[in-house]
Amino acid sequence: MLKVKWCVRTILMLLFFVILSFDSVQGVETLNLGDQRELFIDDYLIASIENAQLKVHEPKRENLIAELDKPWEGNGCKYMTVLYDEDAKLYRLYISAWKTDTPTLQITMMTSPDGINWERPNLGLYEYDGSKENNIVLRRLEKSDGSSESCHDFSPWRDTNPNATPDAKYKATGTGMRCKGVWAYKSPDAIHWTPMHDGPVYTSGHFDSQNVSFWSEKEQKYILYYRMFIDNTRSIVRAVSEDYIHWTDEGKIQFPEGEGPQPRVQFYVNQIRPYYRANHLYIGFPARYCDNGLTESTKHLPQQEERQARMALSPRYGTAATDTIFITSRDGKNFRQGNDVFLRPGLRTKDNWSYGDNYIAWNPVETDSPEEDSPRELSLYASESYFTGESSLVHRYSLRIDGFGSISAKSTPGTVVTKPLTFSGKELTLNYRTSAAGLLYIEMCDETGNVIPGFEKENCDVLYGDSLDRIVSWKGNTDVSSLAGKPITIKFYLQEADVYSLKFNQ
């Protein structure tokens, strides 16, 4: 009898370990989506993909919003921040403005009612060449003892921390030209700024780039992303704070092997921020600094005369070029890099192939579309004409809302299956588009892949067209609440179609 019990126990234990091993090999993971929006910006949701791909979408080049040619601006303007001021109903664009042949730098501000048409407000705050008729919003980083240093970068944002005081509704990090530390600033109106501490609040870095910070609703703390040289490579490092004054270093952000900054393609600005429609997702737009040295191709890049003049100052000023890529994270520490370039230099004769070009301003913002029959879109702003001529340029780009990446299929039909997930809500909505001949079907399955009756592909009302928020239905039925809280998988059947995001509505 004891022998039989021992055998049964042994068999059960073996079966238990076999199941554990199988789960481990399969990498089974149940994701809890709740009712939050998920974007197809990486492979987080994806268990399998066939005849389809994860695709990075490049923004569309739109209007020139500014030529920075005022005496206090110049050809060295590149670090930029854009935010929407809900109180004033204005978009504000902050620019680190300077000329490469002068040692001083000031922070200027432009405003816009729509994010498309911009102007320089006459702020009257700081004197330049004997006059306060300018749009300078911050001139120097000043200590209480009267000492100061020129600004290097300045990145304002609206603080959504419920404990933020009215005089610190807006906050900003900034560094000096000597880049010896990060300063913390506050403002009640995004115009008048005062330091929160007598000098830098954080000094464990290099900081010779745009350093950005924000309040994370997900992490319930302030986050700072800044520049550090690690193994002679320009990299991104993170620090956290409870009060915006005292910071703790958390080290370099991580990427899988083959992604992230490399000796040949180093990261300049990072532009990391929670995405406003899904604040559990961090998105970033690092500018890649690429220097191949003086080669035959260097001689074929635009603006050779200006390039040779810059090389007289430093060879890299003529041989290096910059573009922008797309990175994402769900914990703020471990990131993925998009598998294509987000903003690349163009097929043009000037202004886009210099070191310092194609830097995207911190924060995409939602704006109306200039097309009267089109929905709202994302606007992004990028630098051009850096180190060339006497001025810099700022160009607007547009992107569909949630449109950074998608699961995408061409004329050959493809399928994408999600990992097991749970959700809360009553309806599944998609941000998607197809061609005129394109088709999209959705099938709901259990966690093992068996189709759930009533939610078969054959019952799905075919989706085609272009929508930011289309409700999926099966023979007219949109109610998926019977599946809420249960592990399911979603199978997408795509042909000439892109799906950008999904969300379960309550």
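Cut-offs used in this document
- Residues numbered from 1 in each chain as written.
- Predicted model: local features only at pLDDT ≥ 70, side-chain atom pairs only at ≥ 80, totals over all residues.
- Heavy atoms only, no water.
- Helix = DSSP H or I, 4+ residues; strand = E, 2+ residues; numbered from the N terminus.
- Rg over C-alpha atoms; globule rule 2.2 N^0.38 Å.
- Buried < 20%, exposed > 50% of the residue type's maximum accessible area, 1.4 Å probe, protein only.
- Contact = heavy atoms within 4.5 Å.
- Lys, Arg positive; Asp, Glu negative; His and termini not counted.
- Charge placed at Lys NZ, Arg CZ, Asp CG, Glu CD.
- Patch = residues over 30% accessible without salt bridge, like charges linked within 9 Å, V, L, I, M, F, W, Y side chains within 5 Å.
- Areas by Shrake-Rupley, 256 points an atom, 1.4 Å probe, with all protein chains shown as cover.
- Salt bridge = Lys/Arg side-chain N within 4 Å of Asp/Glu carboxyl O.
- pLDDT = per-residue confidence, 0-100.
- Pairing = 2+ DSSP bridges.
- Phe/Tyr/Trp six-rings, centres within 6.5 Å; stacked < 30°, edge-to-face > 60°.
- Lys NZ or Arg CZ within 6 Å of the ring centre and 35° of its normal.

K.L.:
What is the right way to read the overall build of the chain from this model?
P.N.:
A tally of helices and strands in the chain yields 3 helices and 34 strands. A globule of 506 residues ought to have a C-alpha radius of gyration of about 23 Å, and the chain, at 26 Å, matches this closely. Its C-alpha atoms put the chain at 95 × 60 × 50 Å along the principal axes. Scored against the burial criterion, the 506 residues of the chain give a buried share of 54%. For the chain, long-range pairs separated by at least 24 residues make up 64% of all intrachain contacts whose partners lie at least 6 apart in sequence. For the chain, the separation between the mean place of its 56 positive charges and that of its 69 negative charges on side chains is 4 Å.

K.L.:
Before we go on, may I ask you to explain a positive patch on the surface in this structure?
P.N.:
Side chains of R140, K143, R178 and K180 sit close together on the surface and give a patch of like positive charge. Mapped onto the secondary structure, K143 falls in the loop between β10 (140-142) and β11 (148-158). Taking relative accessible area as the criterion, K143 reaches 34% and is therefore assigned partly exposed.

K.L.:
What is the right way to look at the confidence of the model for the chain in this model?
P.N.:
Low pLDDT means the predicted coordinates in that region are not meant to be read closely. Model confidence for the chain is summarised by a mean pLDDT of 92, while 94% of its residues fall at 70 or above. When the criterion is pLDDT under 50, residues 10-26 qualifies, and its contacts beyond four places in sequence or with other chains add up to 1 contact.

K.L.:
Explain the pairing of strand β13 (residues 182-187) to me, please; I cannot follow it from the model alone.
P.N.:
Residues in a regular strand point their side chains to alternate faces of the sheet. For β13, the tally of buried residues reaches 5 of 6 residues, placing the bulk of the element in the interior. For strand β12 (residues 170-176) and β13, the ladder comprises 6 bridges, and the chain directions are antiparallel. Opposite G174, over in β13, you have W183 as the bridge partner. A loop of 5 residues connects β12 with β13, the two strands running antiparallel in sequence, and C179 in this loop sits at a positive phi of about 55°. Relative to strand β14 (residues 194-195), β13 is paired through 2 bridges, and the arrangement is antiparallel. When the sheet's bridge partners are listed, Y185 is paired in β14 with P195. What sits between the antiparallel neighbours β13 and β14 is a turn of 6 residues, in which A190 has the positive phi angle 70°.

K.L.:
Could you clarify how one ought to interpret the packing of aromatic side chains in this entry?
P.N.:
Aromatic ring pairs are described here by two measures, namely the spacing of the ring centres and the angle between the planes. By the definition in use, this model includes 40 aromatic pairs. Ring geometry for W157 against Y244: centres 5.9 Å apart, planes inclined by 65°, an arrangement best described as edge-to-face. Here Y244 lies in the loop between β17 (233-241) and β18 (247-252) and W157 lies in strand β11, a separation of 87 residues in the sequence. Judged by its relative accessible area of 0%, Y244 falls in the buried class. Note on F214 and Y282: the rings are 5.5 Å apart at their centroids and 80° apart in plane angle, and the pair reads as edge-to-face. In this pair, F214 is assigned in strand β15 (residues 212-216) and Y282 in strand β21 (residues 278-284), connecting sequence segments 68 residues apart. Aromatic rings pair up to connect Y79, Y268, Y289, Y317, Y355, Y359, Y386 and F387 into one cluster. Seen from the ring of Y268, R227 lies directly overhead, with NZ or CZ sitting 4.1 Å from the centre. For K457, the ring lying beneath its charged end belongs to Y441, and the centroid distance is 5.4 Å.

K.L.:
What am I meant to see in the pairing of β17 here?
P.N.:
For β17, a buried count of 9 out of 9 residues is recorded, marking the element as mostly surrounded by other parts of the structure. Neither face of β17 is open: one carries T233, S235, V237, A239 and S241, the other R234, I236, R238 and V240, and all of them are buried. With 9 bridges connecting them, strand β16 (residues 221-230) and β17 associate as antiparallel partners. Residue Y225 lies in a different strand from β17, and its bridge partner there is R238. Relative to β18, β17 is paired through 5 bridges, and the arrangement is antiparallel. Looking at the pairing, V240 lines up with T248 of β18.

K.L.:
Could you clarify how one ought to interpret the pattern of salt bridges in this entry?
P.N.:
Close approach of charged atoms lets side chains of opposite charge pair. What the rule picks out here adds up to 28 salt bridges. Residue E73 is joined to R120 by a salt bridge in which the shortest nitrogen-to-oxygen separation is 2.9 Å. Within this pair, whereas E73 is found in the loop between β5 (60-68) and β6 (80-85), its partner R120 is found in the loop between β8 (105-112) and β9 (136-138), the two being separated by 47 residues in sequence. Among the ionic pairs, R396 bridges to E377, the shortest N-O distance being 3.2 Å. Residue R396 is found in strand β28 (residues 392-399), and its partner E377 is found in strand β27 (residues 377-384); the two are separated by 19 residues along the sequence. For the pair shown, R396 and E377 are each scored as buried. Through salt bridges with shared partners, a single ionic network connects R37, R277 and D402.

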